[in-house]
Structure formats: structure tokens, C-alpha cells
Amino acid sequence: MIASVSKMAQIIDLFFESESALSNKQIAEMLGLPVSSAHHFLKTMCKENILMQDKDRKYRLGWRILEWSNKVMYQQEMNEKVAPIAASLVNRYKGSVHVGMFDNGQVRFIFKSVSPHSDVLPTYIGVTRFPAHATSIGKVLLAYNPSFLKAVEHHGMEKFTENTITDIADLKVELKEIYKQGFAVSKGENETGTFGIAAPIKSYSGQVIAALNFVCDINYVQEHNYQLILNEVIRSAQTISREIGYITI
């Protein structure tokens, strides 16, 4: 058992030390294993979503690696880094701030802060999940992590309001625009009457591992300066990214 765990750890390290996609034969040669033995490990790791196979039959790191890194980052740093930044945002504007991460086709919230006297959304840390295709946070995570779309398609794109995107082709078009502009908007797509703006949170390596959003009543956005709120959301997400180690060159 210990030897197997050690060998799987060595396989994971290969993707950080060499190419992002490796064949069964390449991995076997790098570790000095018979091809059949390497295949046994790779098959098990794919089953557990530690690795995934692409269309060329090469192996890549799977979503579980990201999930593990997400949890480590959350446990060690997220709350203390996010809290003062979110407080500044909710004290300036009336609404709720969330930080969410991708969880098998859905968004799981790991942080929440609410403005004084604001209507409280029924969201609970670590418990509440929302569909990725119908939320601003979810669309940011999908735009920067295209491999997540497979889980969304598997779960199905349920229609929650008349504004919900339910066609994968339409979603992909919007995700391209989100990636280009660096933020996502949800106009009553998950719940009628709400408006959400989200921006990506990046790890030290530049990978988008979470997103921050500001959610409010849609009438509030219409009565206030949308561009100011948008700029503040983007600035807040960028500040959190820097706080957890992301450095722009």
C-alpha cells in the first residue's frame, strides 16, 4: 500500500516537472516501470479523478488535484485574507459577497459577508451549492477552467429562470467573452430579481482556483453606478489573489 501511494505521488510530480500531458509509455520510461504496471496505476488514478485522459490518449492532472489544492488554500489562508477585503465591499455597497469554488458541476461557497440592512440570501458556507452554469462565480470558474464543462454537461443545465442559459453552445460563447473581459455577470439566471458580478481569484501559479462575487437586488444595480461596483469587485478579487501569492509580471 505504501509503495503504491509513493508511486502515485511520483506520477503526479511528473506533470509538474515535465510536460502537462504524458503518455502511458512516457510515464513508464520516466519511472522505470513496465508499461503494464504504469497503466495499472494510471487507470486507478483516472478512476479517482486524480488524472484524466485527453482525446490523444495522453494523461493530464484531473480535477481532484485542484480540489485538494483548493481545500488546502481555503483552510490555511482564505478566511483571513478575504474578510477585510469583503468588509470594505459590503460596507460601501448594499449586498452580499461570496467566495466560491467549483465542486463537480456546482459552486460551493467557502466565504460569505453581508452588508448591514441588506436582504440576506439563503446561502451557507460549505453547504449551499448553486449550479455553475447559472451563477456569476460558476461562469468565471468555467471560463478559466474549460475541463469543468464536462461535469456541467453531466449534471445537465437546468432552467431556473427565463434568463438561465440551458444550451452548452450558448454557454461556451459567453464563457469566451468572460475569459476575454475578466469578469462574469448573472442577471437573474439562478434566481429572479438578483444581480451578480464575479471576478477570478488566482493562485500563486496563475491558476483560477476560486471567484469572488457581489450579489444584490437587480434594482439596486440600476439605481447605482454599475461600473463602480464592477471595478470594485475586480479590484477585490485581484487583491485577494495577491494576498495568497499571485504576482503579475
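Being a predicted model, the structure only gives us computed values, none of them experimental. (Residues numbered from 1 in each chain as written. Predicted model: local features only at pLDDT ≥ 70, side-chain atom pairs only at ≥ 80, totals over all residues. Heavy atoms only, no water.)

(A) Broad picture of the overall build of the protein. A tally of helices and strands in the protein yields nine helices and eight strands. In the protein, which comprises 249 residues, the share counted as buried stands at 48%. Looking at the protein alone, contacts between residues at least 24 apart form 58% of all its contacts between residues at least 6 apart. As presented, the protein carries roughly 13,300 Å² of accessible surface, and 52% of it is formed by carbon and sulfur atoms. (Helix = DSSP H or I, 4+ residues; strand = E, 2+ residues; numbered from the N terminus. Buried < 20%, exposed > 50% of the residue type's maximum accessible area, 1.4 Å probe, protein only. Contact = heavy atoms within 4.5 Å. Areas by Shrake-Rupley, 256 points an atom, 1.4 Å probe, with all protein chains shown as cover.)

(B) Representation of the pattern of salt bridges in the model. What the rule picks out here adds up to six salt bridges. For Asp103, the salt bridge is made with Arg108, and the minimal N-O distance between the two is 2.7 Å. Across the pair Lys139 and Glu174 runs a salt bridge whose closest N-O atoms are separated by 2.7 Å. Placement of Lys139 in helix α5 (residues 136–144) and of Glu174 in helix α7 (residues 168–181) is noted, with a sequence separation of 35 residues between them. What makes Lys139 buried here is its relative accessible area of 0%. Counted as one network, the salt bridges with shared partners bring together Arg92, Glu232 and Arg235. (Salt bridge = Lys/Arg side-chain N within 4 Å of Asp/Glu carboxyl O.)

(C) Spatial organisation of the side chain of Glu189. Inspection of the secondary structure puts Glu189 in the loop between β6 (184–187) and β7 (194–202). What makes Glu189 buried here is its relative accessible area of 7%. The contact partners of Glu189, leaving out residues within four places of it in the chain, are His133, Ala134, Lys139, Phe160, Thr161, Asn163, Thr164 and Ile165.

(D) Inspection of the nonpolar core at higher detail. In this structure, Val99, Phe102, Leu142, Ile201, Leu212, Phe214 and Val233 are the most contacted members of the largest nonpolar core, which totals 55 residues. At seven residues, strand β8 (residues 208–217) tops the list of elements feeding residues into this core. Ile11, Leu22, Ile27 and Phe41 belong to the second-largest nonpolar core, a separate cluster that totals 17 residues. (Core = buried A, V, L, I, M, F, W, Y, C linked by side-chain atoms within 4.5 Å.)

(E) Local environment of the environment of Ala184. Along the chain, Ala184 turns up in strand β6. Here Ala184 falls in the buried class, since its relative accessible area comes to 0%. Residues Ala184 and Gly196, 12 residues apart in the sequence, show an inter-C-alpha distance of 8.1 Å. Each residue touching Ala184, except ones within four places of it in the same chain, is listed here: Ser136, Lys139, Val140, Ile178, Gly196, Ile197 and Ala198.

(F) Representation of the sheet that holds strand β4 (residues 106–114) in the model. Judged by pairing direction, the sheet is antiparallel, and its six strands sit side by side in the order β5-β4-β3-β8-β7-β6 without closing on themselves. Here the strands that pair on one side only, and so sit at the sheet edges, are β5 (129–131) and β6. The sheet shows a mean angle of 30° between the axes of neighbouring strands, direction not considered. Across eight bridges, strand β3 (residues 96–103) lies against β4 in antiparallel orientation. (Pairing = 2+ DSSP bridges. Axes fitted to C-alpha atoms, helices over the stretch in contact; angles between N-to-C directions.)

(G) Quick peek at the pairing of β6. Two elements, β6 and β7, share four bridges in a ladder whose sense is antiparallel. Looking at β7, one finds that Ser186 is bridged to Gly196.

(H) A look at the packing of aromatic side chains. Following the criterion strictly, the structure yields five aromatic pairs and no others. Judged by centre distance (4.1 Å) and plane angle (5°), the rings of Phe102 and Phe148 are stacked. Taken together, the residues Phe102 in strand β3 and Phe148 in the loop between α5 and α6 (149–155) connect sequence positions 46 residues apart. Comparing Phe102 with Phe148 shows no difference in burial state: the two are buried. Between Phe195 and Tyr226 the ring centres are 5.9 Å apart and the planes differ by 90°, which places this aromatic pair in the edge-to-face class. (Phe/Tyr/Trp six-rings, centres within 6.5 Å; stacked < 30°, edge-to-face > 60°.)

(I) Molecular detail of the pairing of β3. Taking burial as the measure, the eight residues of β3 include eight buried ones, the bulk of the element. Burial along β3 is two-sided: the residues Ser96, His98, Gly100 and Phe102 and Val97, Val99, Met101 and Asp103 are all buried. Counting the residues that bridge the hairpin from β3 to β4 gives two residues, and of these Asn104 lies at a positive phi of roughly 55°.

Keep in mind these numbers describe shape, not what the thing actually does.
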